[in-house]
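Inside the fold
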Amino acid sequence: MSKASPSRLVATRVIFRVLTEGAYATPALDAEIDRAHLDRRDAGLATEIVYGTLRALPSIDRALAARLKRPNKTDPWLHAALRCGAYQLLHLSRVPPHAVVNDTVSVVRGERGPRLAGVANAVLRKIAAERSDDPSPPDRTEVPRWIEERFRASLGEERAAQVLGARRLPPPLGVRAVGVDPEALREALLEAAPEAEIERASFTSRGLLVRGAGDARALPGYAEGCFAVQEVGSQHIVELVGAQPGERVADLCCGHGTKTLALAERVGAEGRVEAADLYEEKLDRLDAERRRLGLPDVGARAVDLAVGAGGLEPESFDRVLLDAPCSGLGTVHRRPELAHRLTPADPARLAALQAKLLTTAATLTRPGGLLVYAVCSLTREEGPSVADAFESEHHDFVRVSDEHTDADGVCRTGPWLGDVDGYQIVRWRRPRTET
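Let us look at the structure shown here.

Reading the values: the criteria
Residues numbered from 1 in each chain as written. Predicted model: local features only at pLDDT ≥ 70, side-chain atom pairs only at ≥ 80, totals over all residues. Heavy atoms only, no water. 1 Å grid on protein atoms, 1.4 Å probe; cavity = no way out; pocket = protein on both sides within 12 Å on 5 of 7 lines; lining within 4 Å. Points joined across faces, edges and corners; volume = space filled by probe spheres on them. Helix = DSSP H or I, 4+ residues; strand = E, 2+ residues; numbered from the N terminus. Nonpolar A, V, L, I, M, F, W, Y, C, P; charged D, E, K, R; others polar. Salt bridge = Lys/Arg side-chain N within 4 Å of Asp/Glu carboxyl O. Buried < 20%, exposed > 50% of the residue type's maximum accessible area, 1.4 Å probe, protein only. Arc of directions from axis to C-beta. Expected span 1.5 Å × (residues − 1). Contact = heavy atoms within 4.5 Å. Phe/Tyr/Trp six-rings, centres within 6.5 Å; stacked < 30°, edge-to-face > 60°. Lys NZ or Arg CZ within 6 Å of the ring centre and 35° of its normal. Pairing = 2+ DSSP bridges. Right-handed = clockwise from strand over helix to strand, strands pointing away. Core = buried A, V, L, I, M, F, W, Y, C linked by side-chain atoms within 4.5 Å. Axes fitted to C-alpha atoms, helices over the stretch in contact; angles between N-to-C directions.

Turning our eyes to something else, we now look at the layout of surface pockets. Within this model, the second largest pocket holds a volume of roughly 300 Å³. Forming the walls of the second largest pocket are 14 residues, and the residues nearest its centre are Leu-68, Lys-69, Arg-70, Leu-78 and Val-119. When residues of the lining of the second largest pocket are assigned to their parent elements, the largest contribution, six residues, is made by helix H7 (residues 114-129). Its residues assigned to classes, the lining of the second largest pocket shows six nonpolar, one polar and seven charged.

What follows is about the pattern of salt bridges. Scanning all chains against the criterion turns up 41 salt bridges. Put simply, Arg-112 and Asp-75 hold a salt bridge, and the shortest N to O gap is 3.0 Å. Residue Arg-112 is found in helix H6 (residues 97-112), and its partner Asp-75 is found in the loop between helix H4 (57-65) and helix H5 (76-91); the two are separated by 37 residues along the sequence. Classification of Arg-112 by relative accessible area gives partly exposed; the value is 33%. The network of salt bridges with common partners includes Arg-272, Glu-274, Asp-287, Arg-290, Arg-291, Asp-297 and Arg-301.

Of the positions making up helix H9 (residues 157-164), those classed as buried are Ala-160, Val-163 and Leu-164. Buried residues of H9, seen end-on, are gathered within an arc of 90° and therefore sit on one face of the element. Projecting away from the buried face of H9 at angles above 90 degrees are the exposed residues Glu-158 and Ala-161.

To continue, consider helix H1 (residues 6-21). With 16 residues, H1 should cover 22 Å at 1.5 Å per step; its first-to-last C-alpha distance of 21 Å lies within 8% of that length. Those residues of H1 lying buried are Ser-7, Arg-8, Leu-9, Val-10, Ala-11, Thr-12, Arg-13, Val-14, Ile-15, Phe-16 and Val-18. Looking at the buried positions of H1, the neighbouring elements they touch are helix H2 (25-36), helix H3 (40-55), H5 and H6.

Turning our attention to the packing of aromatic side chains. The relation between two aromatic rings is expressed through the spacing of the ring centres and the mutual angle of the planes. All told, the structure shown has five aromatic pairs when counted by the stated rule. Centre to centre, the rings of Phe-390 and Phe-397 are 5.4 Å apart; their planes meet at 65°, and the pair counts as edge-to-face. The pair formed by Phe-390 and Phe-397 is uniform in burial state, with each residue classed as buried. Members of the aromatic cluster, each reached through a chain of ring pairs, are Tyr-373, Phe-390, Phe-397 and Trp-428. Its end group placed over the ring of Tyr-24, Arg-341 keeps NZ or CZ at 5.1 Å from the ring centre.

Attention shifts here to the pairing of strand S8 (residues 317-323). Counted residue by residue, S8 has seven buried out of seven residues, so it is predominantly covered. Of the strand pairs in this sheet, strand S5 (residues 248-252) and S8 are connected by four bridges, and their pairing is parallel. Residue pairing across strands places Ala-250 opposite Val-320, the latter belonging to S8. Note that the unit made of S8, helix H15 (residues 346-364) and strand S9 (residues 365-375) has a crossover that is right-handed.

Once that is clear, we can look at the nonpolar core. If you look at the biggest cluster of nonpolar residues, it comprises 58 residues, and the most contacted ones within it are Leu-252, Leu-322, Leu-371, Tyr-373 and Trp-428. Ignoring any residue separated from it by four or fewer positions in sequence, one finds Leu-371 in contact with Val-320, Leu-358, Ala-361, Ala-362, Thr-365, Phe-390, Phe-397, Val-426, Arg-427 and Trp-428. Listed in part, the 47 residues of the second largest apolar core include Ala-23, Ala-80, Cys-84 and Val-123.

With respect to the element layout, Glu-48 can be found in helix H3. We classify Glu-48 as partly exposed; its relative accessible area is 24%. Residues Glu-48 and Ala-11, 37 residues apart in the sequence, show an inter-C-alpha distance of 8.7 Å. In this structure Glu-48 touches Thr-53, Tyr-87, Leu-92 and Arg-94, once residues within four positions along its chain are discounted.

Within the structure shown, the criterion is met by two cavities of 30 Å³ or more. Taken as a whole, the largest cavity holds about 40 Å³ of empty space. The set of elements that each furnish at least two residues to the lining of the largest cavity consists of H1, H5 and H6. Here the lining of the largest cavity takes four residues from H5, the largest share from any one element. Of the volumes computed, that of the second largest cavity is approximately 30 Å³. Val-163, Arg-167, Gly-330, Val-332, His-333, Leu-378, Gly-414, Pro-415, Val-420, Asp-421 and Gly-422 together form the lining of the second largest cavity. When the residues that make up the lining of the second largest cavity are grouped by side-chain class, the tally is five nonpolar, four polar and two charged.

With that settled, the discussion passes to unusual backbone geometry. Positive phi, normally seen in glycine, also occurs at Cys-253, with a value near 55°. Relative to the elements of secondary structure, Cys-253 occurs in the loop between S5 and helix H12 (258-267). One non-glycine residue, Glu-315, adopts positive backbone phi at about 50°. By secondary structure assignment, the location of Glu-315 is in the loop between strand S7 (299-302) and S8.

The next subject is the sheet that holds strand S2 (residues 197-200). Spatially, S2-S3-S1-S4 is the arrangement adopted by the four strands of the open sheet, whose pairing is antiparallel. At either end of the open sheet lies a strand with only one pairing partner, and these are S2 and strand S4 (227-229). Taking the axes of each pair of neighbouring strands and ignoring which way they run, one obtains an average angle of 30° across the sheet. The sheet contact formed by S2 and strand S3 (residues 207-211) spans four bridges and is antiparallel. Note on S3: the bridge partner recorded for Glu-197 is Arg-211. On the sheet, H12 packs against strand S1 (173-177) and S4 and is oriented at approximately 20° with respect to S1. Sheet strands in contact with helix H14 (residues 286-293) are S1 and S4, and its direction is about 150° off that of S4.

This is the structure we're talking about:
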């Protein structure tokens, strides 16, 4: 049994799972913190190590490669422990080097025995000997060069730098008030969790940003359906759809249906929302969440929208939302592991899929209706290029440009708007046919 501090052991488990098994950092970290019953202080350190290690991974790996005989052949558990240890030595000034080295050695010994523990000791002592007198956390998310180049091409230098710049981690929890005043909800949550940080999201009408309030399911109002957990950029997409009471709305590639239910709240009992996704298991929780929030019934079906509408009636929806599968690079600040899994070919590959899905979405939009296409990516291939190609083949759709859009008619969210994921959203109005 390892005698290492529980926070460092948890961090190593998460980095191992993320970089060896393909797990996502946030759910893996939450699960390991719960499993280890970490208190708030230890959970905070584990969180800092995990996100910091992933944000600075390329430079950490360079430092380790210079001190390992065969870096590409390193035992995966040893490698995970070394990555966590190197991050602390290189970037955390308040952590004593001897504590980092000793704990990392214990973590390795507990899982791999004394021989590899000796390797950990030798490598980290070399890094500690060359440690800066005043180490500091990384001031940006390190990504492969091709991602930086794609961001600059799509966003320009200033916005690209903001996307990759230092941001407080982990990100806040997005909350959407349902049927209650958002300010009253904020005050009630603060009363229940006075140590939390809760503020209104500046560019959504019902959104809150929550930090340090614990499990959302334990907060007042959750059981009563007074709020839903929804990232504020996702809330902004719903507001751009602009659904009105009594309308028919399609939510395509709906995932777990977070936006579906926000749309259902807007159309009310006189309207109707139809949700569709390729994966039926993603739809399984939709009805239970709808009932918790006290919202009208919605339709839900598993459909391969790349090949057709799966029985959804053509030209029958007032508004159609397609939040298409994408590289997810607009979320790299909170999912830095994505930057190290994707390849330069992935954005174009996913853009080809998005084009097929957008063609299907267009068939469902009635004359006079609104078509909304969104991706949580900030590359030009996904978003602007797909939209331009769509317009070249669908002359009856007119792009909507207003105060929400950039000069090219694309609405972009990102850190220039606050603590929000990066999205690109394009909207088209389908003119009414002349009679």
